[in-house]
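Letter by letter, the chains look like this.
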Amino acid sequence: MKHFFSFFLLFFVLTGYSQENLTYQKPHQNILELAEAPLAPRIRIDGKGEHIVLLYRSRYKTIAELSETELRLGGLRINPVTNIGSRTKYYTDIKLSTKKNGTPKTITGLPKEGRYANFSWSPNQEYMTFTKTVNTGVELWLLDIKDNSAKKISEANLNANMGNPVTWFKNSEALLVKVLPKNRKALINTSEAIPTGPTISVSEAGVKAQNRTYQDLLKNKNDEHNFEQLSQSELYKVTLDGKATLWKETDMYRGISFSPDGNYIMITTINKPFSYLVPYNRFPSKSIVYDAKGDLVKSVLEVPLIEDLPQGFMAERTGKRDFDWRSDKPATLYWAEVLDGGDPANEVPFRDEVFEQDAPFDGKVTSLLKTKDRFSYIIWGNDQTAIAYDTWWNTRNTRTYVFNPSDASQEPKILFDRNYQDLYSDPGSFVSTKNEFSEYVLDLNKKSAYLIGEGYSDAGKSPFVDELNLSTQKTKRLYQSKLTNKVESISSALNAKTGEYIVSIESKNEYPNYYVRNIKKRNSLKPLTQFENPYKSLQNVKKEVISYKRADGLDLSGTLYLPTDYEAGKKYPMLMWAYPREYKDKNSAAQSTLNANDFTYLNYGSPIYWVTRGYVVLDKAAFPIIGEGDNQPNDTFREQLVANAKAAIDAVDSLGYIDRNRVAVGGHSYGAFMTANLLSHSNLFAAGIARSGAYNRTLTPFGFQSEERNYWEAPEVYNNMSPFMHADKMKTPLLLIHGEADNNSGTYPLQSERYFNALKGLGAPVRLVMLPRESHSYYAKESVLHMLWEEDQWLEKYVKNKIETETVD
């Protein structure tokens, strides 16, 4: 327990750190040009592949946008002025194109620039709704696909605080809309409110509530009041011409879903008591079915507050869960119930059972099937055929069943029983098609179904389409990509029976573009988009996937980029970027999905920028952490980290590209945790960059990442893995970057602040950059450009221009 108490000692005695008064900076011009490159639009394609909605967006928000009023309540981040999620990513423009004419067209009636979000096709796909955020709130807009026009159909009175506030009626003639209540009470300014007493939480003897370290939780009665007011809505029925009629009175509406035939609506509301331990999706709730007029049919589900689940990732609450509509039936609800008490530690032949009940939900409840592991989901086909999935995290196993929904006496057949991390054996995903209810169901050709797969193997990626006979379980390959200098991905089927699919094709220099491919015809590609490469300065960069072995013989890989000014024979500094992943078997851990022909895309946190600054970059270096059998991956976490890193450096060094004494390592989140551990327990690196990480695992005592055990069950694992506990060993320059408003479980800003204090107190070379208003990922342009500047300055000082003091080995 020595390390555990050392933490508390350091917590109180370490002195504060000196600050630099620095405004936002911009990185070197080579990096800046890439960071400011425009983004290609995202697209939404209708089910027939005829109409394409193009959504244009800015790469970043501004720091001014992030500085707008924000309340953090129950796991939500809300702008109480506009009543929409404060971190919502907006699109700024919308255009339309068609399969026949790929030229994007300006939409009549649409403002030149807006803050658009929450896009939703109508069931008949003739319309699309979206929201527009203005200074005073959120408006509802309607896009007419055929007329290429848009119009506003509500005032700025929508409540989008809990997501999309709009649900289409099944006839595509009206919408059910969450609107701000007219009688909403004033919010409490918690920074000015005078307390009326202490906040008290209670734990009953013997009742265990081993929850992750969630953030943005409710903290007091004032928070409870504000959460209730901001989550309350009235439901209005709004026609396409904007006529609004009150449909349901004020309540905390969380979920709304129509039955496939449109005659029933299941509405889920949040109830009290609220919790200070878990986010709002684990607050009590009630699900009630109404008819299309809003009249009560039946209350079908009441869920209590969920604070005290059994231990383990596969733990579940008792009672009905995963309520949903059968997509192949007019109005049938189905759900799952645990058979093991919800406790993964209980050994039972079947973990879950799935039931159904027809409308009006007061008749017979029918058992459909039992699953050996935890029920996941169902793809409905027809009265005789459906596909079900289960999963079990501890073994990384998943099963795929085919069963007869009309005859529970027929034993379900197991189609696939496999390790879901074994990507090379992935049979693919079943193709679906729309039925008469405009719902997606299994696309069946008599007794056969279709599968679209990625086709990963040691040879690379070769996506495929298979036809699977569900009776004989025999598979026929209908198509497999044979591209060698490009990469194809099969997005969806337009018509599996006629062989029409939407695919995207890319290369390292060609931005992914979409096509219609008929797999039954040669040379059948028909282009849908023509996006240009925004990163022209990188198109001549040498890029390759390298394969190498760890000391124990495990196969590893990474994507290697050479500098834009590369000269043969010259030794360059290297930046290695990675993220550790846990596995239960070596076979899955050794597999690679990297492809040198993938388009070279730069997101805000990419290390690839530094090829323009004279660095070799090894991106997505494999860092598997394996624990086979009864052994858990984290039992040897540190040893495997160092072995992975050494193997990567040895591999690139053997190619003659780098000076191994000038290698930096970096990562984000769990990759930051990896970086700090590598610098603490190896002498391989000249410097490190750690963004938004967690460094003291005693602050996440009930599990983290893929660790199920709590601190008191495995204190040596928590302590050994925590860089904070080994701060005295850290002598390598480390740049710590963290968002001041990080809301990711476990990576709260205190992690970086306390780790910095420990390192500074022990004399380590370290710099801490706290980005105002930023969360776990960084959104503001000012923040991202400054982050890139900090990283560039750090690498230039401690890696490229490193002062030689000793040899790194």
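**Q** Break down the overall build of the protein for me, citing the residues and quoting the values.
**A** In terms of helices and strands, the protein carries 10 helices and 50 strands. Rg of the C-alpha trace for the protein: 28 Å, near the compact-globule value of 28 Å for 809 residues, within the 12% margin. Reported as C-alpha extents along the three principal axes, the dimensions of the protein are approximately 80 × 75 × 60 Å. Relative to all contacts within the protein whose residues are 6 or more apart in sequence, the contacts with residues 24 or more apart total 59%. Counting every atom, the protein has about 35,500 Å² of accessible surface; 47% of that belongs to carbon and sulfur.

**Q** Tell me about the packing of aromatic side chains, and please be specific about residues and values.
**A** Under the counting rule described, the total for this entry stands at 37 aromatic pairs. Note on Tyr377 and Tyr389: the rings are 4.5 Å apart at their centroids and 20° apart in plane angle, and the pair reads as stacked. Of this pair, Tyr377 sits in strand S24 (residues 374-380) while Tyr389 sits in strand S25 (residues 386-392), and the two are 12 residues apart along the sequence. Geometrically, the ring pair formed by Trp794 and Tyr798 is tilted, given 4.6 Å between the ring centres and 50° between the ring planes.

**Q** Any chance you could break down the sheet that holds strand S11 (residues 149-152) for me, citing the residues and the numbers?
**A** If you walk across this open sheet you meet the 4 strands as S8-S9-S10-S11, and the pairing is antiparallel. In this open sheet, the two strands that pair with only one neighbour each are strand S8 (116-121) and S11. Shown here is a sheet whose adjacent strand axes are inclined to one another by a mean of 25°, direction ignored.

**Q** Break down the sheet that holds strand S6 (residues 93-98) for me, with residues and values.
**A** Ordered by their spatial adjacency, 4 strands build an open sheet running S1-S2-S6-S7, and the pairing between neighbours is antiparallel. Edge strands, defined here as strands with exactly one partner in the open sheet, are strand S1 (42-45) and strand S7 (105-106). Across 4 bridges, the pairing between S1 and strand S2 (residues 51-56) is antiparallel. By the bridge assignment, Arg42 is partnered in S2 with Leu55.

**Q** Let's hear about the nonpolar core: which residues, and what values?
**A** Residues Met576, Leu618, Phe685 and Tyr755 are the most contacted members of the largest nonpolar core, which totals 62 residues. Take this core: its biggest share by element is 8 residues, from helix H6 (residues 637-654). Formed by 48 residues, the second largest nonpolar core is a distinct cluster that contains Ile31, Leu538, Leu602 and Val769.

**Q** Can you lay out the side chain of Thr371 for me, pointing to particular residues and giving the numbers?
**A** As for its placement among the helices and strands, Thr371 is situated in strand S23 (residues 366-371). A distance of 2.7 Å separates a polar side-chain atom of Thr371 from the backbone oxygen of Asp373. Apart from residues no more than four positions distant in its own chain, Thr371 is found in contact with Phe350, Arg351, Asp352, Asp390 and Tyr401.

**Q** Summarise helix H4 (residues 221-231); cite the residues concerned and give the values.
**A** Note on helix geometry: an α-helix contains 3.6 residues per turn, so any two residues three or four positions apart are oriented the same way. Of all 11 residues in H4, 8 are buried; the element is thus mostly enclosed. Of all the residues in H4, the buried ones are Asp223, Glu224, Asn226, Phe227, Glu228, Gln229, Leu230 and Ser231. The secondary structure elements touched by the buried residues of H4 are strand S3 (71-73), strand S4 (76-79), strand S14 (233-239), strand S15 (244-251), strand S16 (253-258) and strand S17 (264-270). N-cap assignment for H4: the residue whose side-chain oxygen lies 3.1 Å from the backbone N of Asn222 is Asn220.

**Q** Could you give an account of the pairing of strand S22 (residues 352-358), naming the residues involved and the relevant values?
**A** Counted residue by residue, S22 has 6 buried out of 7 residues, so it is predominantly covered. Across 7 bridges, strand S21 (residues 332-338) lies against S22 in antiparallel orientation. Paired with Thr332 across the strands is Asp358, a residue of S22. Sheet topology note: the S22/S23 ladder contains 5 bridges and is antiparallel. Across the sheet, residue Glu356 finds its bridge partner in S23, namely Thr366.

**Q** I'd like to hear about the confidence of the model for the protein, residue by residue, with values.
**A** Of all residues in the protein, 95% attain a pLDDT of 70 or more, and the chain-wide mean is 94. Of the regions scoring below 50 in pLDDT, residues 1-17 engages in 25 contacts with residues more than four places distant in sequence or in other chains.

**Q** Let's hear about the pattern of salt bridges: which residues, and what values?
**A** Considering all chains together, one arrives at 44 salt bridges under this definition. Linking Lys182 and Glu234 is a salt bridge whose minimum nitrogen-to-oxygen distance equals 3.7 Å. Placement of Lys182 in the loop between strand S13 (174-179) and H4 and of Glu234 in strand S14 is noted, with a sequence separation of 52 residues between them. Overall, Glu234 belongs to the buried group, its relative accessible area being 7%. Linking Glu791 and Arg691 is a salt bridge whose minimum nitrogen-to-oxygen distance equals 2.9 Å. Taken as a pair, Glu791 in helix H10 (residues 781-800) and Arg691 in strand S48 (residues 687-691) lie far apart in primary sequence, 100 residues in all. The residues Glu791 and Arg691 share a single accessibility class, namely buried.

**Q** So what's going on with H6? Which residues, and what values?
**A** With 18 residues, H6 ought to run about 26 Å at 1.5 Å a step, and its terminal C-alpha atoms sit 26 Å apart, in line with that. Listed as buried for H6 are Phe637, Gln640, Leu641, Asn644, Ala645, Ala647, Ala648, Ile649, Ala651 and Val652. At the C-terminal side of H6, Gly656 shows a positive phi close to 85°.

**Q** Quick one: what's the story with unusual backbone geometry, residue by residue and with numbers?
**A** Geometrically, the link from Lys272 to Pro273 is a cis peptide bond, its omega value of 10° lying close to zero. Mapped onto the secondary structure, Pro273 falls in the loop between S17 and strand S18 (285-291). Of note, the amide linkage connecting Ala359 to Pro360 takes the cis form, showing an omega dihedral of 10°. Along the chain, Pro360 falls in the loop between S22 and S23.

**Q** Got a sec to walk through a positive patch on the surface? Specific residues and values, please.
**A** Where like charges cluster on the molecular surface, the positive patch consists of Lys99, Lys100, Lys521 and Lys526. Note that Lys100 resides in the loop between S6 and S7. Its relative accessible area of 85% is what places Lys100 among the exposed residues.

**Q** So, the side chain of Ser287: which residues are in play, and what are the values?
**A** Relative to the assigned elements, Ser287 resides in strand S18. Under the relative-accessibility criterion, Ser287 is labelled buried at 5%. Beyond its immediate sequence surroundings of up to four residues, Ser287 is in contact with Met266, Ile267, Thr268, Ser299, Val300 and Leu301.

**Q** Describe in detail the packing of H6 against helix H7 (residues 670-681), supporting the description with residues and values.
**A** Between H6 and H7, the shortest axis-to-axis distance is 10 Å and the interhelical angle comes to 85°. What the angle tells us is that H6 and H7 run roughly perpendicular. Touching Phe637, Arg638, Leu641, Val642 and Ala645 of H6 are Tyr670, Phe673, Met674, Asn677, Leu678 and His681, all from H7. Grouping the amino acids of the contact of H6 with H7 by side-chain chemistry returns 8 nonpolar, 2 polar and 1 charged.

**Q** Go over the environment of Lys520, please, and point to the residues and values.
**A** Positionally, Lys520 belongs in the loop between strand S39 (513-518) and strand S40 (526-527). C-alpha of Lys520 to C-alpha of Glu500: the two residues are 20 residues apart in sequence and 8.2 Å apart in space. A distance of 2.6 Å separates a polar side-chain atom of Lys520 from the backbone oxygen of Lys497.

**Q** Which residues make up the pairing of S18, and what values do they have?
**A** Buried residues dominate S18, accounting for 5 of its 7 residues. By the bridge criterion, 7 bridges tie S17 to S18 in an arrangement that is antiparallel. When the bridges of S18 are listed, Thr269 appears paired with Lys286. In this structure, S18 lies alongside strand S19 (residues 296-303), joined through 6 bridges in antiparallel fashion. Across the sheet, residue Ile288 finds its bridge partner in S19, namely Ser299. Linking two consecutive strands that pair antiparallel, namely S18 and S19, is a turn of 4 residues; a positive phi of about 100° is found at Gly294 within it.

Conventions used here
- Residues numbered from 1 in each chain as written.
- Predicted model: local features only at pLDDT ≥ 70, side-chain atom pairs only at ≥ 80, totals over all residues.
- Heavy atoms only, no water.
- Helix = DSSP H or I, 4+ residues; strand = E, 2+ residues; numbered from the N terminus.
- Rg over C-alpha atoms; globule rule 2.2 N^0.38 Å.
- Contact = heavy atoms within 4.5 Å.
- Areas by Shrake-Rupley, 256 points an atom, 1.4 Å probe, with all protein chains shown as cover.
- Phe/Tyr/Trp six-rings, centres within 6.5 Å; stacked < 30°, edge-to-face > 60°.
- Pairing = 2+ DSSP bridges.
- Axes fitted to C-alpha atoms, helices over the stretch in contact; angles between N-to-C directions.
- Core = buried A, V, L, I, M, F, W, Y, C linked by side-chain atoms within 4.5 Å.
- Buried < 20%, exposed > 50% of the residue type's maximum accessible area, 1.4 Å probe, protein only.
- Polar contact = N/O pair within 3.5 Å; in protein donor to acceptor, adjacent residues only side chain to side chain.
- pLDDT = per-residue confidence, 0-100.
- Salt bridge = Lys/Arg side-chain N within 4 Å of Asp/Glu carboxyl O.
- Expected span 1.5 Å × (residues − 1).
- Patch = residues over 30% accessible without salt bridge, like charges linked within 9 Å, V, L, I, M, F, W, Y side chains within 5 Å.
- Lys, Arg positive; Asp, Glu negative; His and termini not counted.
- Charge placed at Lys NZ, Arg CZ, Asp CG, Glu CD.
- Parallel < 35°, antiparallel > 145°, perpendicular 65-115°, else oblique.
- Nonpolar A, V, L, I, M, F, W, Y, C, P; charged D, E, K, R; others polar.

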